[in-house]
Amino acid sequence: MSLGTATITITGTESNDTQTVLVTVTGEMYTVTFKDGETVIDTVEVVSGNQIGSSNMPTDPVKTNYVFDYWYIEGSSITPVTSETIVTGNIVVVPSWKE
């Protein structure tokens, strides 16, 4: 079940009694901020434990005399950030450039 509210009806197999319950599924939301320098390119909200998702990834940025290489979490250029990156907290994502 995804986030939101759903109504579930349960019917007993022997008694045919029906019970209806309202179920709400929630999750903590985190912000993924894509920046280039001081410019915010995009900000998206992602449920904790979920992937960023391809629809949330911005288009590759453009910079004169450089080629975009990959996105990474600000302060640590070791691990690239992709649409499959699992979000467990607020993060700022910045581009890596090649000359």
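Side note on the overall build of the protein
No. 1: Along its length, the protein carries zero helices and seven strands.
No. 2: Its helices and strands in sequence order give the protein the pattern β-β-β-β-β-β-β, from N to C terminus.
No. 3: Along the longest, intermediate and shortest principal axes, the C-alpha atoms of the protein span 75 × 20 × 20 Å.
No. 4: For the protein, the share of sequence-separated contacts (at least 6 apart) that also reach a separation of at least 24 residues comes to 44%.
No. 5: Within the structure as shown, the protein displays about 6,800 Å² of accessible surface, and the carbon and sulfur contribution to it stands at 47%.

A closer look at the nonpolar core
No. 1: One finds V32, F34, I52, W71, V87 and V93 to be the most contacted residues of the largest nonpolar core, which totals 13 residues.
No. 2: For this core, the secondary-structure elements that each account for two or more residues are β3 (29–36), β4 (39–47), β5 (67–73) and β7 (91–98).

A few points about a nonpolar patch on the surface
No. 1: Together, I8, I10 and V21 line one region of the surface with nonpolar side chains, adding up to about 220 Å² of accessible area.
No. 2: Within the secondary structure layout, I8 lies in strand β1 (residues 4–11).

Structural notes on the side chain of T33
No. 1: Tracing the backbone shows T33 in strand β3.
No. 2: Residue contacts for T33: discarding those within four places in its chain leaves V40, D42, T43, I91, V92 and V93.

Re the pattern of salt bridges
Once their charged atoms are close, side chains differing in charge can pair, the charge on each being opposite to the other.
No. 1: Counted according to the given criterion, the structure contains two salt bridges.
No. 2: Taking the shortest distance from any N to any O, the salt bridge between K35 and E38 comes out at 4.0 Å.
No. 3: Exposure remark for E38: the relative accessible area of 72% places this residue in the exposed category.
No. 4: The partner of D69 in a salt bridge is K98, with the nearest N and O atoms 3.8 Å apart. Here D69, found in strand β5, pairs with K98, found in strand β7; they are 29 residues apart in sequence, far enough to count as distant.
No. 5: We classify K98 as partly exposed; its relative accessible area is 47%.

About the criteria used
- Residues numbered from 1 in each chain as written.
- Predicted model: local features only at pLDDT ≥ 70, side-chain atom pairs only at ≥ 80, totals over all residues.
- Heavy atoms only, no water.
- Helix = DSSP H or I, 4+ residues; strand = E, 2+ residues; numbered from the N terminus.
- Contact = heavy atoms within 4.5 Å.
- Areas by Shrake-Rupley, 256 points an atom, 1.4 Å probe, with all protein chains shown as cover.
- Core = buried A, V, L, I, M, F, W, Y, C linked by side-chain atoms within 4.5 Å.
- Buried < 20%, exposed > 50% of the residue type's maximum accessible area, 1.4 Å probe, protein only.
- Patch = residues over 30% accessible without salt bridge, like charges linked within 9 Å, V, L, I, M, F, W, Y side chains within 5 Å.
- Salt bridge = Lys/Arg side-chain N within 4 Å of Asp/Glu carboxyl O.

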